[in-house]
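Chains, contacts and geometry: an overview
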Amino acid sequence: MSLRLYDTATRSVRPLTPLEPGRVGVYVCGPTVQARPHVGHLRSAVALDVLHRWLLASGQRVTFVRNVTDVDDKIIHDASHDGEPWWALATRMARAFTRAYDAVQVLPPTAEPRVTGSILSITALIERIVERGHAYASGGDVYLAVRTVQGYGALSGQDPDQLKASEKAVAHGHTGEKRDPLDFALWKAAKPGEPSWPSPWGPGRPGWHIECSAMAVAHLGESFDLHAGGVDLLFPHHENELAQSRCAGHPFAQHWLHHGLVTVAGGGGEKMSKSLGNSTLVEDVLQQIRPQVLRYALGAAHYRSPLEWSPQAVSDAEAAYGRIETFVRNATEATRGVEPGASKASWEEFAAALDDDLGVPQALGVVHSGVRAGNALLAGRELPALAATLAVVRRMLTVLALDPVEQWPGSGGTELTAVVDALVAIAVEARADARARKDWAQADAVRDRLTASGIVLEDTADGVRWRLGT
Ligand SMILES: [Zn+2]
């Protein structure tokens, strides 16, 4: 594997070197399932899906762990406000996230641990940190003693002495007393009417940061290859995850990846968040645009750049993806049965772009120059070169989950797909019967009527297949 990735901890692009050659362990901070997902959540998922797919394409075995925060202050608050059990809200929203990920072809994680299913590993980790003298109990809470952590602040580039003044110690909702304003809760004592679990310090629930340390170690071990998340999580979340894991004696992540956030046009470049009131819900967006175009729009920028969500960005994605679709459709049609010659598209250039800190904009540039070269070959009827170029372009598109043939047949796999399958099968049989009778006019008429309905038949080695198109 020759992938080099920017590492936040060292502030440099450096090789991702798996602890065990051939296997990569990735931990991603997943969503807090409080509300339905917006495009900001999906940008994160798509950016990390490209990483996941590129690791697989590079021949690695990947353990991809993305947690679900299914209990926290906001979930409890919102659910009680609507008279719904907190766990019912969390379950409903977790399902909405899964639907959104599936809609844009984000590969499922290897494991998707939930906080409520990880309480025992969380309390065991806290006990270990207390035993090693880095945390203390107070009034049923447990706090990490930040001043005992060597190098606290180094990951996010903060000076603890500066933090003391600026960081408002998030005192709200805590029962116990902190010894230092920098200290943060690993365990929070139960409050009346709130969910709680038994612990050596009395009933309560985990603080936010500790859950990721516990779930990462439970699935990937005390030392693992890569920790990823949004740049908004760098401080305090990731700084605190790292601090408490080191306090437990765990080397923790070898490489830290942070992706940029989504901004909304007209929002002054602010991070998209629910509090700004400009959230764009995935389910609403998918009423307006096709999922493959949403995937393209969210995945086209470099993962470390902010991504501006705007009508212009969507129509640019629609146009760019349309050029890809048209090329793949026309080239497939033209090269059926043609022996491939020499490709005009360069897989090596594409691979080099992704290996260089997941340079998706450069990789898409290689895809589009392959498409342009392919269109020229098509115009000149240079079919062997076209067939080879098409194959290379489609191999690139598969890595980006943008291949119109394999990954996006039809319009996104609705339940109607099965119905259309059955109806097309009837039409295909009618066409085969007509051909058997050598009634070519009737066979062509069947095909033409399907085409007029927007259904294109393709004769493949596996039989006749259909897709939407013209
Ligand atoms: Zn986390």
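As a starting point, this report considers the structure included with it. (Residues numbered from 1 in each chain as written. Predicted model: local features only at pLDDT ≥ 70, side-chain atom pairs only at ≥ 80, totals over all residues. Heavy atoms only, no water.)

A look at the pattern of salt bridges
On inspection of all chains with the given rule, the structure shows 21 salt bridges. Here Asp7 and Arg14 are joined by a salt bridge, their closest N and O atoms 2.9 Å apart. Of the residues examined, Asp7 reaches a relative accessible area of 1% and is grouped as buried. Among the ionic pairs, Glu194 bridges to Lys191, the shortest N-O distance being 4.0 Å. One network of salt bridges, with partners in common, ties together Asp73, Lys188, Lys191, Glu194 and Arg205. (Salt bridge = Lys/Arg side-chain N within 4 Å of Asp/Glu carboxyl O. Buried < 20%, exposed > 50% of the residue type's maximum accessible area, 1.4 Å probe, protein only.)

A look at the side chain of Arg295
Within the element layout of this structure, Arg295 appears in helix α9 (residues 291-299). A polar side-chain atom of Arg295 sits 2.8 Å from a polar atom in the side chain of Asp49. Engagement of the side chain of Arg295 in a polar contact is seen with the backbone oxygen of Leu400, the distance being 3.3 Å. Setting aside chain neighbours within four positions, we find Arg295 in contact with Val46, Asp49, Val50, Arg53, Val104, Gln105, Val106, Leu400, Ala401, Leu402 and Trp408. (Helix = DSSP H or I, 4+ residues; strand = E, 2+ residues; numbered from the N terminus. Polar contact = N/O pair within 3.5 Å; in protein donor to acceptor, adjacent residues only side chain to side chain. Contact = heavy atoms within 4.5 Å.)

Concerning the packing of helix α10 (residues 311-334) against helix α12 (residues 360-379)
Between α10 and α12, the shortest axis-to-axis distance is 10 Å and the interhelical angle comes to 40 degrees. In this view, α10 runs oblique relative to α12, as classed from their interaxial angle. For the element pair α10 and α12, the recorded crossing hand is left-handed. Only Val367, His368, Val371, Gly374, Asn375 and Leu378 of α12 make contact with α10, whose side of the interface consists of Ala320, Arg323, Ile324, Phe327, Asn330 and Ala334. Of the residues in the contact of α10 with α12, the class split is seven nonpolar, four polar and one charged. (Axes fitted to C-alpha atoms, helices over the stretch in contact; angles between N-to-C directions. Parallel < 35°, antiparallel > 145°, perpendicular 65-115°, else oblique. Left-handed = near helix turned anticlockwise from the far one by under 90°. Nonpolar A, V, L, I, M, F, W, Y, C, P; charged D, E, K, R; others polar.)

Quick word on the sheet that holds strand β8 (residues 204-206)
Reading across the sheet, the four strands line up as β5-β6-β7-β8 and stay open at both edges, with antiparallel pairing between neighbours. Looking along the sheet, the strands with just one partner apiece sit at the ends: β5 (135-138) and β8. On average, each strand axis in the sheet is inclined to that of its neighbour by 20 degrees, with strand direction left out of account. Sheet analysis places strand β6 (residues 141-144) next to strand β7 (residues 184-189), joined by three bridges and oriented antiparallel. Along β7, the bridge assignment pairs Tyr143 with Ala185. (Pairing = 2+ DSSP bridges.)

Notes on helix α6 (residues 208-220)
Counted at 1.5 Å a residue, the expected span for α6 with its 13 residues is 18 Å, and the 19 Å between its end C-alpha atoms agrees. Taking burial as the measure, the 13 residues of α6 include 10 buried ones, the bulk of the element. Residue Gly221 follows α6 closely and has a positive phi angle near 100 degrees. (Expected span 1.5 Å × (residues − 1).)

Regarding a nonpolar patch on the surface
A grouping of Val419, Leu423 and Ile426 is seen on the molecular surface, where their side chains present a nonpolar patch of about 290 Å² in accessible area. In this fold, Val419 is placed in helix α14 (residues 416-436). (Patch = residues over 30% accessible without salt bridge, like charges linked within 9 Å, V, L, I, M, F, W, Y side chains within 5 Å. Areas by Shrake-Rupley, 256 points an atom, 1.4 Å probe, with all protein chains shown as cover.)

Some details on the packing of aromatic side chains
Inspection of every chain in the model, using the stated rule, returns 10 aromatic pairs. Taking 6.2 Å as the distance between ring centres and 85 degrees as the angle between the ring planes, the aromatic pair formed by Trp54 and Phe350 counts as edge-to-face. One end of the pair, Trp54, is in helix α1 (residues 39-57); the other, Phe350, is in helix α11 (residues 347-355), with 296 residues separating them in the sequence. For Trp54, a relative accessible area of 4% translates into the label buried. (Phe/Tyr/Trp six-rings, centres within 6.5 Å; stacked < 30°, edge-to-face > 60°.)

A few points about the nonpolar core
Leu294, Trp309 and Phe350 are the most contacted members of the largest nonpolar core, which has 84 residues in total. Considering each element in turn, this core owes the most residues, 10 residues, to α1. Discounting chain neighbours no more than four positions away, the residues touching Leu294 are Val39, Leu42, Val104, Val282, Val285, Leu286, Ile289 and Trp309. Of all hydrophobic cores here, the second largest spans 44 residues; its members include Leu125, Trp187, Met215 and Ala253. (Core = buried A, V, L, I, M, F, W, Y, C linked by side-chain atoms within 4.5 Å.)

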